[in-house]
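One-letter residues, chain by chain:
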Amino acid sequence: MPVPRPVRDRCREFLGLDTDIRYIFPALTAGGGTGFLFVVTDDQITVISTGAVGRADPKSVWGSYPRGTRIGPVETGAGAVFEFANAWFEVDDEYVPVINAADAEVFDRDSLPRDPLPDL
């Protein structure tokens, strides 16, 4: 399920972004607890805390990282978890392809599908 537009817009306003958001996905600290939104742009990965109650209301920036920072790999099994910035996060299975695509865009561009309309 895509992150709803109002949440994307709130992240953009919250961060003062005037660039496009390439990827965005919600995560929780592993084992439950604090919610986060990972916002990926062309230049950076920003992790925004949403607090313990919900995953849709940005509260504060937990950290900003260069776009060349790898988000995954995501370990699957009992749940989808990944380590980022020395912390463990869990995501819903539906967001694993988002993380994989964000990483592939930087680290394995040849694995991405070709643009079917490159001249547009």
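Everything here concerns the structure above.
Below is a short write-up of the structure. Remember, it's a predicted structure, so these values are computed and weren't measured experimentally.

Cut-off values and rules
Residues numbered from 1 in each chain as written. Predicted model: local features only at pLDDT ≥ 70, side-chain atom pairs only at ≥ 80, totals over all residues. Heavy atoms only, no water. Helix = DSSP H or I, 4+ residues; strand = E, 2+ residues; numbered from the N terminus. Rg over C-alpha atoms; globule rule 2.2 N^0.38 Å. Buried < 20%, exposed > 50% of the residue type's maximum accessible area, 1.4 Å probe, protein only. Contact = heavy atoms within 4.5 Å. Areas by Shrake-Rupley, 256 points an atom, 1.4 Å probe, with all protein chains shown as cover. Lys, Arg positive; Asp, Glu negative; His and termini not counted. Salt bridge = Lys/Arg side-chain N within 4 Å of Asp/Glu carboxyl O. Polar contact = N/O pair within 3.5 Å; in protein donor to acceptor, adjacent residues only side chain to side chain. Pairing = 2+ DSSP bridges. Axes fitted to C-alpha atoms, helices over the stretch in contact; angles between N-to-C directions. Core = buried A, V, L, I, M, F, W, Y, C linked by side-chain atoms within 4.5 Å.

In terms of regular secondary structure, the protein chain is built from two helices and six strands. Start at the N end of the protein chain and walk to the C end: the helices and strands fall as α-β-β-β-β-β-β-α. Since a compact globule built from 120 residues should have a radius of gyration of about 14 Å, the 14 Å found for the protein chain is in line with a globular shape. The principal-axis extent of the C-alpha atoms belonging to the protein chain is close to 45 × 35 × 25 Å. Taking all 120 residues of the protein chain together, the buried fraction comes to 35%. Contacts in the protein chain between residues at least 24 apart in sequence constitute 40% of all its contacts with a sequence separation of at least 6. Here the protein chain has roughly 7,000 Å² of accessible surface; of this, 50% comes from carbon and sulfur atoms.

What follows concerns the side chain of Asp-103. Structurally, Asp-103 is set in helix α2 (residues 96-107). Put simply, Asp-103 is tucked away with no salt bridge, and the nearest opposite charge, on Arg-70, sits 4.4 Å away. Polar side-chain contacts of Asp-103 include one of 2.8 Å to the backbone nitrogen of Ile-71. Apart from residues lying up to four places away in sequence, Asp-103 is in contact with Thr-69, Arg-70, Ile-71, Gly-72 and Asp-108.

For sheets, the rule is that strands pair by backbone hydrogen bonds, running either parallel or antiparallel. What the six strands build is an open sheet, ordered β4-β3-β2-β1-β6-β5; its pairing is antiparallel. Each of the sheet's edge strands pairs with one partner strand only, and the pair in question is β4 (60-66) and β5 (80-84). Across the sheet, the mean angle separating the axes of adjacent strands is 35 degrees when strand polarity is ignored. Pairing of strand β1 (residues 23-29) with strand β2 (residues 35-40), which is carried by six bridges, proceeds in the antiparallel orientation. Note that in β2 the partner of Tyr-23 across the bridge is Val-40. Together, β1, β5 and β6 (87-91) form the strand contacts of α2, whose direction differs from that of β1 by roughly 120 degrees.

On to the environment of Phe-82. Here Phe-82 shows up in strand β5. Residue Phe-82 is classed as buried on the basis of its relative accessible area, which comes to 0%. Distance in space between the C-alpha atoms of Phe-82 and Ala-27 is 9.8 Å, their sequence separation being 55 residues. Among residues more than four places away in sequence, those in contact with Phe-82 are Phe-25, Phe-38, Ile-71, Pro-73, Val-74, Ala-87, Trp-88, Phe-89, Val-91 and Ile-99.

Residues Phe-25, Phe-38, Ile-71, Phe-82, Phe-84, Phe-89 and Val-91 are the most contacted members of the largest nonpolar core, which totals 29 residues. Residue assignment for this core shows that the elements contributing at least two residues are α1 (5-15), β1, β2, β3 (44-51), β5, β6 and α2. With five residues, β2 is the largest single contributor of residues to this core.

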